[in-house]
Amino acid sequence: MAGLSRVYGRLLDALMAAACLLLLGMTLLIGADVVGRNAGLGGVPWSGEISEDILYLLTLLTSPWLLRQGQHIRVDILLRALPARVGWLLEWVGDLLGLACSLYFVWYGWKGLAASYVSGAISIKTLVTPEWWLLVPLPLAFLLFAIEFVFRMRRLAHGERAPRSDAVSAS
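The paragraphs below set out a description of the structure included in this document. As the structure is a prediction and not an experimental result, all values here were calculated from the model. (Residues numbered from 1 in each chain as written. Predicted model: local features only at pLDDT ≥ 70, side-chain atom pairs only at ≥ 80, totals over all residues. Heavy atoms only, no water.)

Bringing the side chain of T62 into the picture now. Mapped onto the secondary structure, T62 falls in helix α2 (residues 47-69). In this structure T62 touches M16 and A19, once residues within four positions along its chain are discounted. (Helix = DSSP H or I, 4+ residues; strand = E, 2+ residues; numbered from the N terminus. Contact = heavy atoms within 4.5 Å.)

If you want it as structure tokens, here you go:
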């Protein structure tokens, strides 16, 4: 299981690297659009739409990595104020709720993706694209969340009976 966790961690690192490259690409695209418009060349008409899609992808690509790093939003002040065992139990509650929500969104995302694909829905803005293209990352990202919550619970079960010490902002 530890080896699988390491491989999964490398996958999340690769997704984070892809997100960084997407951010760079978006920055260059916006820059090209501004330079083109200011030079009277008309810019890149679809840059705004692509930038919106990239921001959506950035969120989905980076969030599972942030969860693994313990960089997500936490209520560690409360967890540190409570007895260690109670804080540890609340960590379990949070991870179980996170897993349940993630699995729900995998199901819901897949259902929406399938409905969009079957109906042939399209997104018409500057670009015309099949709607399901935008929906593909959603269930996949929440599947990654669900996997990470399983790994988190494993680490919690094998660790100290106290709240996690990662990303603690309270002293």
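Here we take up the environment of V44. Along the polypeptide, V44 turns up in the loop between α1 (2-38) and α2. C-alpha separation for the pair V44 and L55, spaced 11 residues apart in sequence, amounts to 17 Å. Setting aside anything within four residues of it in sequence, one finds V44 in contact with L29, A32 and D33.

This next bit is on the pattern of salt bridges. The final tally for this structure, using the stated rule, is 7 salt bridges. One salt bridge connects E148 with R68, and the closest N-O pair in it is separated by 2.6 Å. Placement of E148 in helix α6 (residues 137-158) and of R68 in helix α2 is noted, with a sequence separation of 80 residues between them. You'll find E148 and R68 in the same group, each marked buried. By sharing partners, the salt bridges in this structure join E91, D95, R152 and R164 into a single network. (Salt bridge = Lys/Arg side-chain N within 4 Å of Asp/Glu carboxyl O. Buried < 20%, exposed > 50% of the residue type's maximum accessible area, 1.4 Å probe, protein only.)

This part takes up the nonpolar core. The biggest cluster of nonpolar side chains holds 10 residues, and these are Y8, L12, L15, A19, M26, I54, L58, L61, L144 and F151. Contributions of two or more residues to this core are made by α1, α2 and α6. Take this core: its biggest share by element is 5 residues, from α1. Not counting chain neighbours up to four residues away, the residues in contact with L12 comprise P64, W65, R68, L144 and E148. (Core = buried A, V, L, I, M, F, W, Y, C linked by side-chain atoms within 4.5 Å.)

Orientation of α2 relative to α6, taken along the N-to-C sense of each, is 5°, at an axis distance of 9 Å. It follows that α2 is roughly parallel to α6 by the angle criterion. For the pair α2 and α6, contact is made by Y56, L57, L60, S63, P64, L67 and R68 and by P137, L138, A141, L144, F145, E148, F149, F151, R152 and R155, respectively. Its residues assigned to classes, the contact of α2 with α6 comprises 12 nonpolar, 1 polar and 4 charged. (Axes fitted to C-alpha atoms, helices over the stretch in contact; angles between N-to-C directions. Parallel < 35°, antiparallel > 145°, perpendicular 65-115°, else oblique. Nonpolar A, V, L, I, M, F, W, Y, C, P; charged D, E, K, R; others polar.)

So, about the packing of aromatic side chains. Following the criterion strictly, the structure yields 9 aromatic pairs and no others. Look at Y8 and F151: their rings are 5.4 Å apart centre to centre, the planes differ by 40°, and that puts the pair in the tilted class. Remark: F151 occurs in helix α6 and Y8 occurs in helix α1; sequence separation between them is 143 residues. We note that Y8, like F151, is buried. On the basis of an interplanar angle of 80° and a centroid distance of 5.3 Å, the ring pair of Y117 and W132 is categorised as edge-to-face. Separated by 15 residues along the polypeptide, Y117 in helix α4 (residues 84-119) and W132 in helix α5 (residues 131-135) bring together distant segments of the chain. Assessed through its relative accessible area of 27%, W132 is described here as partly exposed. Here a set of aromatic residues connected by ring pairs shows up, and it is made of Y104, F105, W107, Y108, F142 and F145. (Phe/Tyr/Trp six-rings, centres within 6.5 Å; stacked < 30°, edge-to-face > 60°.)

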